[in-house]
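Notes for the structure review
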Amino acid sequence: MPTFVYMTRCDGCGHCVDICPSNIMHIDTTYRRAYNIEPSMCWECYSCVKACPQNAIDCRGYADFAPMGHSVRVLREPEKGTISWKIKFRNGHEKNFESPIRTTPWGSIKSASEYAAPNPDAFKSQELAHEPEALNIDKLPALTPDQLKQGVV
Ligand code: SF4
Ligand code: SF4
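Because the structure is predicted, anything quoted here is derived from the model rather than measured. (Residues numbered from 1 in each chain as written. Chains lettered and ligands numbered in written order. Predicted model: local features only at pLDDT ≥ 70, side-chain atom pairs only at ≥ 80, totals over all residues. Heavy atoms only, no water.)

Our focus in this paragraph is the nonpolar core. Ranked by size, the top nonpolar core spans 22 residues in total, and within it V5, M25, V49, I57, C59 and W85 carry the most contacts. Mapped onto this core, the elements with two or more residues apiece are α2 (47-51), β4 (57-59), β5 (71-77) and β6 (82-88). At 3 residues, β6 tops the list of elements feeding residues into this core. Leaving out residues up to four positions away in the same chain, C59 has contacts with M1, P2, T3, F4, Y46, V49, H70, V72 and W85. (Core = buried A, V, L, I, M, F, W, Y, C linked by side-chain atoms within 4.5 Å. Buried < 20%, exposed > 50% of the residue type's maximum accessible area, 1.4 Å probe, protein only. Helix = DSSP H or I, 4+ residues; strand = E, 2+ residues; numbered from the N terminus. Contact = heavy atoms within 4.5 Å.)

Listed below in structure tokens is the structure:
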């Protein structure tokens, strides 16, 4: 579900522009308000929705999820640590979801450039960056060669 901006709520702060990984949130040079320049290139990550301090960004629901006449409203409440989603269907039914924002404080995530450069040997590993320690485990589970043979006749 790509996003769109309610221009009357937006104050042009640019947080959505800074956070959008697809670089499709731009500030209109005439109106000084944000808009999604290319919804078809939206990753649907909702980083902009969560980052907007004015709750000015909403999602265009897909027809099978939220048919015409619906609305999808999101509310970020950092003091409660929650994101709430309110889906309103055109027949008036509502669905409400509330989720924790994340387990780390807002703004505390380091960018890739703030980490030490990886050891070149790490490129030969199938593990992702910071695995396994970031998962709080000593080692990723893996099948042993004898387990791969199980069930093979
Ligand atoms: Fe950019 Fe993600 Fe917002 Fe789409 S949902 S406009 S990709 S930040
Ligand atoms: Fe407008 Fe919200 Fe984007 Fe700020 S983060 S520019 S208020 S849409």
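Taken together, 14 residues are adjacent to ligand 2, and C10, C13, G14, C16 and C52 come closest. In terms of residue class, the shell around ligand 2 is made up of 9 nonpolar, 4 polar and 1 charged. (Near = heavy atom within 4 Å. Nonpolar A, V, L, I, M, F, W, Y, C, P; charged D, E, K, R; others polar.)

The next subject is the site of ligand 1. Neighbouring ligand 1 are 13 residues, the closest being C20, C42, C45, Y46 and C48. Taken together, the residues that form the shell around ligand 1 break down as 9 nonpolar, 3 polar and 1 charged.

Right, let's talk about the sheet that holds β5 for a bit. Strand pairing in a sheet relies on backbone hydrogen bonds, with the paired strands running either antiparallel or parallel. Spatially, the 3 strands line up as an open sheet ordered β5-β6-β7, and their pairing is antiparallel. Each having just a single partner strand, β5 and β7 (94-100) make up the two edges of the open sheet. Here the average twist between neighbouring strands, direction ignored, is 15 degrees. Relative to β6, β5 is paired through 7 bridges, and the arrangement is antiparallel. By the bridge assignment for β6, V72 is matched with I87. (Pairing = 2+ DSSP bridges. Axes fitted to C-alpha atoms, helices over the stretch in contact; angles between N-to-C directions.)

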